[in-house]
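If you want the building blocks of each chain, they are given just below.
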Amino acid sequence: MDMRCLIVDDDAGFRTAMGHLLERGGAVVAGTASNGAEAVERARDSRPDVVLIDVRLGSESGFDVARRIDESAADTGWTPVVVLLSTQAEDELAASVAAHPAFGFLDKTTVSTARIGELLSAGRGRQEVNRR
């Protein structure tokens, strides 16, 4: 799958491992961020197709960071796919996930370029990855 990704997680080891996994799957890692402020700035600067955000981003909520990125993107006409990640099962986060239907969700243990593609095909996150 041809896509540029931004990885947002407070765990440096996870960011590195996820970056390698996505690159092996054919994605380009446009950048990484460890907190919400970095995430919004890097998303604005790199304009990735997909932003992968940890639900528990240190003391911040990944849902709040996702909303800030979405709002920042709307001001520029750029529409990234935003996918929230967690080690918690989706049913444990069902209310939060349901309250944010514009954002997709994947269990961290299942993330791959193929799974992101399936999520997009199912209409979760956004309808399709932006093409340049």
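See the structure printed just above.
Let me sum up the structure you'll find in this document.

Calculation criteria
Residues numbered from 1 in each chain as written. Predicted model: local features only at pLDDT ≥ 70, side-chain atom pairs only at ≥ 80, totals over all residues. Heavy atoms only, no water. Phe/Tyr/Trp six-rings, centres within 6.5 Å; stacked < 30°, edge-to-face > 60°. Lys NZ or Arg CZ within 6 Å of the ring centre and 35° of its normal. Pairing = 2+ DSSP bridges. Helix = DSSP H or I, 4+ residues; strand = E, 2+ residues; numbered from the N terminus. Axes fitted to C-alpha atoms, helices over the stretch in contact; angles between N-to-C directions. Salt bridge = Lys/Arg side-chain N within 4 Å of Asp/Glu carboxyl O. Buried < 20%, exposed > 50% of the residue type's maximum accessible area, 1.4 Å probe, protein only.

## Overview of the packing of aromatic side chains
- Following the criterion strictly, the structure yields zero aromatic pairs and no others.
- One cation-aromatic arrangement involves Lys108 over Phe14; the distance from NZ or CZ to the ring centre is 4.2 Å.

## Description of the sheet that holds strand E6 (residues 81–86)
- Read across the open sheet, the five strands follow the order E2-E1-E3-E6-E7; overall the sheet is parallel. The open sheet has two edge strands with one neighbour each: strand E2 (28–33) and strand E7 (104–107). In this sheet, neighbouring strand axes are inclined to one another by 25° on average, regardless of whether the strands run parallel or antiparallel.
- For strand E1 (residues 4–8) and E2, the ladder comprises five bridges, and the chain directions are parallel. Along E2, the bridge assignment pairs Ile7 with Thr32.

## Things to note about the pattern of salt bridges
- Inspection of every chain in the model, using the stated rule, returns five salt bridges.
- A salt bridge links Asp9 to Lys108; the shortest N-O distance between them is 2.7 Å. One end of the pair, Asp9, is in the loop between E1 and helix H1 (12–24); the other, Lys108, is in the loop between E7 and helix H5 (113–121), with 99 residues separating them in the sequence.
- Here Lys108 falls in the buried class, since its relative accessible area comes to 15%.
- Close ionic contact of Arg68 with Glu60 constitutes a salt bridge, the shortest N to O distance being 3.6 Å.
- If you follow the salt bridges from partner to partner, you end up with Asp9, Asp54 and Lys108 in one network.

Note that all results are geometric; they support no functional claim without further evidence.
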